[in-house]
Amino acid sequence: MAIRIGDVAPDFTAESTEGPLHFHEWIGDKWAILFSHPKDFTPVCTTELGYMAGLKPEFDKRNTRIVGLSVDPVSDHRAWLGDIEETQGHAVNYPMIGDENLVVAKLYDMIHPNASGGSRTAVDNATVRSVFIVGPDKKVKAMLIYPMSAGRNFDEVLRLLDSLQLNAKHTVATPVNWRPGEDVIIPTSVSDEEARKKYPQGFKTLKPYLRTVAQPK
């Protein structure tokens, strides 16, 4: 099935390195990041999972849980953990889902629907490098898909999460290359009159459709 922004994230139950994981229940009232990688014991994935472990305190501050997934068994995940910590300097501190039967990968349209489970190579899994950001309402807020050869920029995932959470709280948009603390955009759905009430400190009008204001706290 195709997943679109705004859809309810498909629920599932799967084995993970921290035991059975019931996705919607595991999310609870938090935000969540589900990210997949092609195969255990591969170079790019090793760097990604280690970096994500180093970023986990930042996600914790943002009331966000993170979970990894590959179409390898949990036993392979556990065997790989030592390599990740040794080479990347961070021990994996979040659950990793074992999806050797491709149930979750197909549910989230991460891999070709005709793919079959069993022994697979990284090349067979080339489509499985996806990121899904899910809100507390269990709806998909954003998606990123990378090719097998390109490691993801998880700093960008964090920046995107900041933008999504700001929009959820204050109904504002963020401009190109926005960073937390910079000015934001007042959506066109908000009239000037409403904007003056909401932002008594004032805002800047560059064009009738382009108005900026200091980031709300």
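Analysis parameters
- Residues numbered from 1 in each chain as written.
- Predicted model: local features only at pLDDT ≥ 70, side-chain atom pairs only at ≥ 80, totals over all residues.
- Heavy atoms only, no water.
- Helix = DSSP H or I, 4+ residues; strand = E, 2+ residues; numbered from the N terminus.
- Expected span 1.5 Å × (residues − 1).
- Bend = angle between axes of the 7 residues up to and from the residue.
- Buried < 20%, exposed > 50% of the residue type's maximum accessible area, 1.4 Å probe, protein only.
- Contact = heavy atoms within 4.5 Å.
- Domains from an automatic or database assignment.
- Phe/Tyr/Trp six-rings, centres within 6.5 Å; stacked < 30°, edge-to-face > 60°.
- UniProt positions renumbered as here; feature names shortened; annotations may be inferred.
- Axes fitted to C-alpha atoms, helices over the stretch in contact; angles between N-to-C directions.
- Parallel < 35°, antiparallel > 145°, perpendicular 65-115°, else oblique.
- Nonpolar A, V, L, I, M, F, W, Y, C, P; charged D, E, K, R; others polar.
- Polar contact = N/O pair within 3.5 Å; in protein donor to acceptor, adjacent residues only side chain to side chain.
- Pairing = 2+ DSSP bridges.
- Salt bridge = Lys/Arg side-chain N within 4 Å of Asp/Glu carboxyl O.

In an α-helix, one full turn covers 3.6 residues, which means residues spaced three or four apart are oriented alike. The terminal C-alpha atoms of helix α3 (residues 74-88), which comprises 15 residues, lie 20 Å apart, in line with the 21 Å expected from a rise of 1.5 Å per residue. Roughly 35 degrees is the biggest bend found in α3, and it falls at Trp 80. Considered for burial, the residues of α3 that qualify are Val 74, His 77, Trp 80 and Ile 84. On its buried side, α3 packs onto β1 (13-16), α2 (43-61), β4 (64-70) and β5 (96-98). Following α3 by one or two positions, Gly 89 has its phi on the positive side, about 80 degrees.

With that out of the way, let us pick up the domain arrangement of the chain. With domains assigned, the chain is organised as domain 1 (7-151) and domain 2 (170-213). Centre-to-centre, using C-alpha coordinates, domain 1 lies 35 Å away from domain 2.

This paragraph deals with the packing of aromatic side chains. By the definition in use, this model includes 8 aromatic pairs. Arranged with centres 4.8 Å apart and planes meeting at 15 degrees, the rings of Phe 12 and Phe 23 form a pair that is stacked. With a gap of 11 residues between them, Phe 12 in the segment before β1 and Phe 23 in helix α1 (residues 23-27) connect regions that are remote in the sequence. Ring geometry for Phe 23 against Tyr 108: centres 6.4 Å apart, planes inclined by 90 degrees, an arrangement best described as edge-to-face. Highlighted residues: Phe 23 in helix α1 and Tyr 108 in the loop between α4 (103-107) and β6 (130-134), separated in sequence by 85 residues. The two residues Phe 23 and Tyr 108 agree in class, both being buried.

Moving on, we get to the UniProt feature "active site" (unreviewed entry) in the chain. UniProt marks Cys 45 with the feature "active site" (unreviewed entry), using the numbering shown here. With residues near it in sequence (within four places) discarded, Cys 45 still touches His 37, Pro 38, Lys 39, Trp 80 and Arg 129.

Moving on, we come to the packing of α2 against α3. At a closest axis distance of 9 Å, the pairing of α2 and α3 adopts a crossing angle of 75 degrees. In terms of their interaxial angle, α2 and α3 are classed as roughly perpendicular. Facing Cys 45, Thr 46, Thr 47, Leu 49 and Gly 50 of α2, the residues of α3 in contact are Trp 80, Ile 84, Thr 87 and Gln 88. The residue inventory of the contact of α2 with α3, partitioned by class, reads 4 nonpolar, 5 polar and no charged.

The subject of this paragraph is helix α5 (residues 154-170). Between its first and last C-alpha atoms α5 spans 24 Å; for 17 residues at 1.5 Å apiece the expected length is 24 Å, and the two agree. For α5, a buried count of 12 out of 17 residues is recorded, marking the element as mostly surrounded by other parts of the structure. Taken together, the buried positions of α5 are Phe 154, Val 157, Leu 158, Arg 159, Leu 160, Leu 161, Asp 162, Ser 163, Leu 164, Gln 165, Leu 166 and His 170. Two to three positions downstream of the cap, the backbone nitrogen of Asp 155 sits 3.0 Å from a side-chain oxygen, assigning the N-cap of α5 to Asn 153.

What follows covers the sheet that holds strand β10 (residues 210-213). On the basis of which strands lie adjacent, the open sheet formed by 3 strands has the order β8-β10-β9 and antiparallel pairing. With one partner strand each, in any of the chains shown, β8 (184-186) and β9 (204-207) form the two edges of the open sheet. Direction aside, neighbouring strands of the sheet carry axes that sit 40 degrees apart on average. Relative to β10, β8 runs antiparallel, the two sharing 3 bridges.

Before going further, it helps to examine the pairing of β10. Examined bridge by bridge, β9 and β10 share 3 bridges and lie antiparallel to one another. For Lys 207, the partnering residue across the bridge sits in β10 and is Leu 210. Where β9 folds back on β10, the antiparallel hairpin that results is connected by 2 residues.

To continue, consider the pattern of salt bridges. Pairing of side chains with opposite charge becomes possible as their charged atoms draw close. In the structure shown here, the tally under the stated rule is 11 salt bridges. For Asp 72, the salt bridge goes to Lys 39, with nearest N and O atoms at 3.1 Å. Residue Asp 72 is located in the loop between β4 and α3, and its partner Lys 39 is located in the loop between β3 (31-36) and α2; the two are separated by 33 residues in the primary sequence. Judged by relative accessible area, Asp 72 falls into the buried class, the value being 3%. Ionic pairing is found between Arg 211 and Asp 192, a salt bridge with its closest N-O pair at 2.9 Å. Taken together, the residues span a long stretch of sequence, with Arg 211 in strand β10 and Asp 192 in helix α6 (residues 192-198) at a distance of 19 residues. Because the salt bridges share partners, they merge into one network encompassing Glu 58, Lys 61, Arg 62 and Asp 162.

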